[in-house]
Amino acid sequence: MRSMSISAILVTIGLSATVAQTPNPPAFEVVSVKPNTSVGESGMISSPNAPGQLRVTNIPLRAILVHAYQLRDYQIVGAPDWTRTARFDITAKFPDGIDQAMHYFPMMQRLLVDRFQLKARRETREQPIYRLVRARGDGRLGAQLIPSTVDCEKWLAEGRPQLGAGGPSAVAPDGKRPACAFIAQRNFLTAGTQAIGRLAQLLESRVGRPVVDATELQGKFDIDLKWDALTNADLQSAGQPAGVAPPALGVSIFAALEEQLGLKLESARGPVEVLAIESIDRPRPD
């Protein structure tokens with residue numbers, strides 16, 4: 001069964017952050033929801049193409065919400081604290097003959113309504129954001145942000161390989177960045193021929209806020225960025241404000257952006273689309 005692991009390497013090629021909504025989606029025919037009390041941290045959610053069944057194993061309810069609505073964590077507001085720690089196993093059967101790819105996310109949303117009594121609404125709120133700007137007064141870019149002239153439309157049309165097919169990379173495990181694609185892990189990302197706006201999108205999940213590209217940089221770039229594996233949660237647990245990494249913990253993503261790419265993140269406020277949770281309950285296990 002194909003699945004999407006929470007801890008897996010993310011290879012991003014044209015990923016969309018929005019999903020079309022289907023009114024009155026069909027329901028799963030058979031659903032089992034059980035709390036998972038195992039000690040292990042690993043979990044998985046089966047992909048839309050997994051034949052016949054949805055399977056969720058050892059995933060916090062908040063992460064299920066993020067996945068089902070195709071949002072980022074900061075876009076879920078009002079959810080009770082227990083949704084971060086309470087993990088669940090879910091097994092559900094798709095009706096025969098249904099187009100799973102079309103109905104996968106709307107059916108997951110209906111499952112949350114039916115079994116977790118979810119009541120929520122979409123709205124726009126002003127929240128903290130980051131502006132991605134040039135860090136240096138003279139506008140110089142860092143050594144690991146290099147303009148690219150590769151024609152990705154031609155590259156992809158010719159069916160040429162992407163993984164490990166780009167130029168030399170200072171951070172990729174095999175020393176080669178992908179061609180016309182991003183690879184992102186917890187403590188590095190490497191990219192071939194990508195717009196700065198795409199970099200801003202990938203940074204969002206690592207800094208816990210929306211990131212707006214305000215660099216005014218045009219064209220496409222080869223990008224190599226490496227930092228110590230510190231998230232805002234890591235920093236806060238160490239008694240530091242988000243975005244400020246003490247020397248003992250290593251180089252933060254904020255410092256790495258400035259040193260390696262010649263860019264920086266400035267705090268600001270702006271409109272953010274959110275899913276406002278009005279109520280949600282623990283389900284009865286079955």
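What you see is a predicted model; the values in this text were computed from it and never measured.

**Section: unusual backbone geometry**
At step 1: Phi at Gln-117 is positive, roughly 55 degrees, even though this residue is not glycine.
At step 2: For Gln-117, the position within the fold is in the loop between α3 (100-116) and β8 (119-134).
At step 3: At Cys-180, a position not held by glycine, the phi torsion is positive, near 60 degrees.
At step 4: As for its position among the elements, Cys-180 is in the loop between α4 (152-157) and β10 (182-185).

**Regarding the packing of helix α5 (residues 196-207) against helix α7 (residues 253-261)**
At step 1: Between α5 and α7, the shortest axis-to-axis distance is 12 Å and the interhelical angle comes to 150 degrees. Overall, the two elements α5 and α7 adopt an arrangement that is roughly antiparallel. Between α5 and α7, the contacting residues are Leu-199, Leu-203, Arg-206 and Val-207 on the first element and Ile-253, Phe-254, Leu-257 and Leu-261 on the second.
At step 2: For the contact of α5 with α7, a count of residues per class yields 7 nonpolar, no polar and 1 charged.

**A few points about the packing of aromatic side chains**
At step 1: Applying the stated criterion to the full structure yields 4 aromatic pairs.
At step 2: Seen from their ring centres, Phe-88 and Phe-116 are 5.2 Å apart, and the 90 degrees between their planes marks the pair as edge-to-face. Here the residue Phe-88 occupies a position in strand β7 (residues 87-93), and Phe-116 occupies one in helix α3, the gap between them amounting to 28 residues.
At step 3: A relative accessible area of 4% means that Phe-88 is categorised as buried.
At step 4: The ring of Trp-155 has Arg-160 lying over it, and the distance from NZ or CZ to the ring centre is 3.8 Å.
At step 5: When the ring centre of Tyr-130 is taken as origin, the NZ or CZ atom of Arg-209, which lies over that ring, is 4.3 Å away.

**So, the packing of helix α1 (residues 61-68) against α3**
Any two packed helices are characterised by the angle at which their axes cross and by the distance between the axes.
At step 1: Where α1 contacts α3, the two axes come as close as 9 Å, and the packing angle between them is 140 degrees. Here α1 contributes Leu-61, Ile-64, Leu-65, His-67 and Ala-68 to the contact with α3, which in turn contributes Tyr-104, Phe-105, Met-108, Gln-109, Leu-112 and Phe-116.
At step 2: Considering only residue class, the contact of α1 with α3 consists of 9 nonpolar, 2 polar and no charged.

**Some words on the side chain of Thr-215**
At step 1: Within the element layout of this structure, Thr-215 appears in the loop between β12 (211-213) and β13 (220-226).
At step 2: Here Thr-215 falls in the buried class, since its relative accessible area comes to 3%.
At step 3: A distance of 2.7 Å separates polar atoms of two side chains, one belonging to Thr-215 and the other to Asp-213.
At step 4: Beyond its immediate chain neighbours, meaning those up to four positions away, Thr-215 contacts Leu-132, Val-133, Arg-134, Ile-196 and Leu-263.

**Looking at the environment of Gln-109**
At step 1: Take Gln-109: it is sitting in helix α3.
At step 2: For the pair formed by Gln-109 and Ala-27, sequence separation is 82 residues and the distance between their alpha carbons is 9.8 Å.

**Observations regarding the confidence of the model for the protein**
At step 1: Residues at a pLDDT of 70 or more form 84% of the protein, whose mean pLDDT is 85.
At step 2: For the stretch residues 235-240, pLDDT sits under 50, and the model shows 12 contacts to residues farther than four places along the chain or on other chains.

**A look at the environment of Arg-160**
At step 1: The residue Arg-160 is located in the loop between α4 and β10 in this model.
At step 2: Linking Arg-160 and Ala-179, residues 19 residues apart in sequence, is a C-alpha distance of 8.9 Å.

**Points about the nonpolar core**
At step 1: Among the nonpolar cores identified, the biggest contains 32 residues, and Leu-54, Ile-64, Leu-112 and Phe-116 are the most heavily contacted of them.
At step 2: Mapped onto this core, the elements with two or more residues apiece are β5 (53-60), α1, β7, α3 and β14 (263-279).
At step 3: Looking at which element gives the most residues to this core, the answer is α3, with 7 residues.
At step 4: Beyond its immediate chain neighbours, meaning those up to four positions away, Phe-116 contacts Val-33, Leu-61, Phe-88, Ile-90, Leu-111, Ile-280, Asp-281 and Pro-283.
At step 5: Listed in part, the 26 residues of the second largest apolar core include Ile-223, Phe-254, Leu-257 and Leu-261.

Scoring rules and cut-offs
Residues numbered from 1 in each chain as written. Predicted model: local features only at pLDDT ≥ 70, side-chain atom pairs only at ≥ 80, totals over all residues. Heavy atoms only, no water. Helix = DSSP H or I, 4+ residues; strand = E, 2+ residues; numbered from the N terminus. Axes fitted to C-alpha atoms, helices over the stretch in contact; angles between N-to-C directions. Parallel < 35°, antiparallel > 145°, perpendicular 65-115°, else oblique. Contact = heavy atoms within 4.5 Å. Nonpolar A, V, L, I, M, F, W, Y, C, P; charged D, E, K, R; others polar. Phe/Tyr/Trp six-rings, centres within 6.5 Å; stacked < 30°, edge-to-face > 60°. Buried < 20%, exposed > 50% of the residue type's maximum accessible area, 1.4 Å probe, protein only. Lys NZ or Arg CZ within 6 Å of the ring centre and 35° of its normal. Polar contact = N/O pair within 3.5 Å; in protein donor to acceptor, adjacent residues only side chain to side chain. pLDDT = per-residue confidence, 0-100. Core = buried A, V, L, I, M, F, W, Y, C linked by side-chain atoms within 4.5 Å.

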